[in-house]
Amino acid sequence: MFNVLLVDDEPWVLEGLRTMIAWEKHGFRVCGEASSGRDALRMVQDYRPELVVTDIRMPMLNGLEFMEQSNRMLEKPPKFVVLSGYDDFDYARTAMRQRAAGYLLKPVDEEEMDALLAILSQKIKGEAAARDRYARRQQLAINHMINRLLHGEYREDLVAQACRLLNIQGRERIRCLLIESAFGFDEMLRVVEGLCAKREGVCFQDGSGRNGILLIEADNGPMDGHLEEQVQVIYRRITELTGRPATACVSQESEGIRSFREAYVQAAEMSQIKQAQGKSGLFFYCGNVFADKRRQLQSDRFKPLLEKVRSQSPEEISANVKEIFSCFAADALDIENIKAQVADLELSLCRSVQEMRGQPDACLANFSEGYGSLGEIHYFSRLQSYVESMCLQAAGVLRELERQNEGNTIFHVIQYVDREYRNKLQLQDLAKHFHLNSTYLGQLFKKNTGKPFNEYINDKRIEEAKRLLKRSSMKIAEVAVQVGFPNTDYFIAKFKLKTGTLPSVFQKEAGSSAGKEGEEPSC
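Everything in this summary refers to the structure shown in the same document. Keep in mind it's a predicted model, so treat the numbers as computed, not measured. (Residues numbered from 1 in each chain as written. Predicted model: local features only at pLDDT ≥ 70, side-chain atom pairs only at ≥ 80, totals over all residues. Heavy atoms only, no water.)

What to know about a negative patch on the surface
Condition: Each patch is assembled from residues with relative accessible area greater than 30% and no salt bridge, linking like charges that lie within 9 Å and nonpolar side chains (Val, Leu, Ile, Met, Phe, Trp, Tyr) that lie within 5 Å. Surface accessibility in these figures is a Shrake-Rupley result with a 1.4 Å probe; residues are shielded only by whichever protein chains are displayed. Here, a salt bridge means any Lys or Arg side-chain nitrogen found within 4 Å of an Asp or Glu carboxyl oxygen. When charges are counted, Lys and Arg are positive and Asp and Glu negative, with His and the chain ends excluded. Taken as the charge centre is NZ of Lys, CZ of Arg, CG of Asp or CD of Glu, depending on the residue. Helical segments are the DSSP runs of H or I of at least four residues, strand segments are the runs of E of at least two, and each set is numbered from the N terminus. Relative accessible area decides the class of each residue, using a 1.4 Å probe on protein chains only: under 20% of the type maximum gives buried, over 50% gives exposed, and in between gives partly exposed.
Residues Asp109, Glu110, Glu111 and Glu112 make up a contiguous surface patch of negative charge. Here Glu111 lies in helix α5 (residues 110–150). The class of Glu111 is exposed, set by a relative accessible area of 68%.

See below:
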C-alpha cells in the first residue's frame, strides 16, 4: 500500500477526501491529515508518503511553498495533487511548474479523482520497480567490490573504483559489523537505510553468506564514539524485529578503506569464537585472540585436498576446493597468502607425479595452460578455478600412471623406499620383502633411478634434512635421527659431501636469508 497525506485548512474538505474517495481500490491508504503547510511539512518528513493531496490557499505556509520546500528537502519527494477553486488558475500553472502530478478543482469530483489515482498508482508502482531494479544492481556491484577488498585486492585503480561506488574519499573512519541471526539480507538493508545516513552504513554478504555492515564515519574530527552508537542502535533494532538475541561482532575503529579487510578479519575472528561458545549479544573486538589458531587452520586446509587427489576422487576434489575457498573468504585471507599455499600444493602434486615415475615439469605446464603462471593470477575466483583444475588434472595423471605401473615391481619398490626412507632400510631386506634377488634388485634400482640404492636413499634423507633445517629450529642431532641417519657424525659427513657445507652453517644461512626476506623496507 502507498501512503497518502491529505492537506487542507478546511475540516469538511479533509473529511470528504478521507471518506468519499476509494483510496484502497488503487493501493493507497491515508497516513495522516494536516490543516496547515507547516504541519504538512513536518508530517511529510515523518511519514514519507508517496502521494500528497494539498490545497493551495493555506495560512502561514501555502500549498506552493509547501511543495517547493518538500521538493528541496526530501531526497525522494512525493507526488503532489493540487486542489483549488475556479479563481486560482494562475496558482495552478505555478503548481505545475513545481512538478505537481495533477490539478483538481473544488469541490472534488469523485470520478475525476478516481481516474487520476488510477494513473498515479501505476506510475508510482513503475517508478518504485525501477528504483528497486537500480538498487539491486547497485547493491550487487557494491557487494562484489567489497568482497574483492576482503580478498586483499588493493590495487590503486580498484580502491579508486570502490571510493566512487561508495561515494567516499577513502580516508574515513570505519568499523565492520558481522551479524549471525535469522535476519535476512533484505531486512537488514531496510534497517540500515532507516537508521543510517546515506553511505554511512553499507550492507554486504561475505563468501559464506554472512551478513555484514561497513560503517563509515565521514567526519574527520576527533573520534567521538559515533560509530559505536550506530552499532548499538542497529543491534537493538534487529533484536526488536526478530524477537530474539543475535550474535553481532564489531571490529576496532580504524581509518581508511584500505583497513577494511583487517577490520573484517577482526569481526570474523570474534564471531567464530562466540559462535563456538554458543553466545549471543553485541561484542567488540579487543585483541588478536584467535590469530594463531586461525593461521594453523589455514595452513592445514590443503592437506585433505592432497589426499583426495592421491585417491583420485574427482567429485570430492571439486567439493573440497569450494569448501576451502569459502573458508578463505570467511577469514578474509590475503590473496598473496593463499597463492603461497597454492604454490606448496603445486610442489606436492608434482612430487606425487614424480614418485609415480611421471613427468612433473610437463604436469606443471599443463596446470598453467589457460591460466598463466600462479603469479599472474590476481583474482580470488580465478585462483579457486585454477586450484580445482590443477587438482583434477593431477588426479587424472596419477590414475593413468597407476594403470601404467600396475604389475611393475620396481615401481612399487621405489614407492616403498620413498615412503620408508626415514626407517632403517637395507637392500637385502628390501629384496626379501619383494621376493627378489638382492643383486638383481640393486641393478634394477640403479637402472630405473639412475643411482645406486644407498646413494638414492641418502639423497632422499639429505633433501628432507635441508627442509627441516630451513623451516625448524631442531638441533643437528635431532634432524639426523628424524631423517633416518644412524648417527650424527655420519649425517654431517654425508650432508657436507652432498651440499658442500656443514648442516650448522646451512641452517644459519637459511635463517639469515629468511630474516632478510621478512624485513619490511625502510621508509
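Let's pick the thread back up.
Focus: the packing of aromatic side chains
Short version of the rule: Pairing of aromatic side chains requires ring centres within 6.5 Å, counting the rings of Phe and Tyr and the six-membered ring of Trp. Pairs whose planes differ by under 30 degrees are stacked, by over 60 edge-to-face, and all others tilted. We call a charge positioned over a ring when the NZ of a Lys or the CZ of an Arg lies within 6 Å of the ring centre and within 35 degrees of the ring normal.
Under the definition given, this model contains 13 aromatic pairs. Seen in terms of ring centroids, Phe204 and Phe260 are 5.7 Å apart; in terms of plane orientation they differ by 90°. Their pairing is edge-to-face. Placement of Phe204 in strand β7 (residues 201–205) and of Phe260 in helix α9 (residues 260–277) is noted, with a sequence separation of 56 residues between them. A single burial state applies to Phe204 and to Phe260, both of which are buried. Taking 5.4 Å as the distance between ring centres and 75° as the angle between the ring planes, the aromatic pair formed by Phe445 and Phe453 counts as edge-to-face. Each member of the pair, Phe445 together with Phe453, is buried. Taken together, the ring pairs connect Phe485, Tyr490, Phe491, Phe495 and Phe506 into an aromatic cluster. Seen from the ring of Phe485, Arg461 lies directly overhead, with NZ or CZ sitting 5.8 Å from the centre.

Quick notes on the sheet that holds strand β2 (residues 28–34)
One key point about sheets: their strands pair by backbone hydrogen bonds, in either a parallel or an antiparallel sense. Our working rule: A pair of strands is considered paired only if DSSP assigns at least 2 bridges between the two. Orientation is described by lines fitted to C-alpha atoms, with helices fitted over the stretch in contact, and by angles between N-to-C directions that extend from 0 to 180 degrees. We call two residues in contact whenever any of their non-hydrogen atoms come within 4.5 Å of each other.
Here we have 5 strands laid out as an open sheet, ordered β2-β1-β3-β4-β5, and parallel in their pairing. Taken across any chain shown, the strands that pair with only one partner, and hence form the sheet edges, are β2 and β5 (102–105). This sheet shows a mean twist of 20° between the axes of neighbouring strands, independent of strand direction. Relative to strand β3 (residues 51–55), strand β1 (residues 2–7) is paired through 4 bridges, and the arrangement is parallel. Along β3, the bridge assignment pairs Leu5 with Val52. Contacting β1, β2, β3, β4 (79–84) and β5, α5 crosses the sheet at an angle of about 165° to β4.

Brief notes about the environment of Gln415
Note that Gln415 resides in helix α16 (residues 409–420). What Gln415 contacts, discounting residues up to four positions off in sequence, is Glu355 and Met356.

Quick word on the side chain of Ser70
For the record, the criterion: A 3.5 Å cut-off defines polar contacts: any pair of N or O atoms within that distance qualifies, except that in protein one atom must be a possible hydrogen donor and the other a possible acceptor, and neighbouring residues in sequence count only when both atoms are side-chain atoms.
Within the secondary structure, Ser70 sits in helix α3 (residues 63–73). Polar side-chain contacts of Ser70 include one of 2.9 Å to the backbone oxygen of Phe66. Discounting residues that sit within four places of it in the chain, Ser70 has contacts with Leu41, Val44, Pro77 and Phe80.

A short note on the pairing of strand β8 (residues 211–217)
The two faces of the sheet receive side chains in turn, since in a regular strand these alternate between them. Among the 7 residues that make up β8, 7 are buried, leaving the element largely enclosed by the rest of the structure. The side-chain alternation of β8 yields two buried faces, one formed by Asn211, Ile213, Leu215 and Glu217 and the other by Gly212, Leu214 and Ile216. Summarising the sheet, strand β6 (residues 173–180) and β8 pair through 7 bridges and their orientation is antiparallel. Across the sheet, Arg175 pairs through a bridge with Leu215, a residue of β8. In terms of strand pairing, β7 meets β8 through 5 bridges, oriented antiparallel. Of the residues in β8, the one forming a bridge with Gly201 is Leu215.

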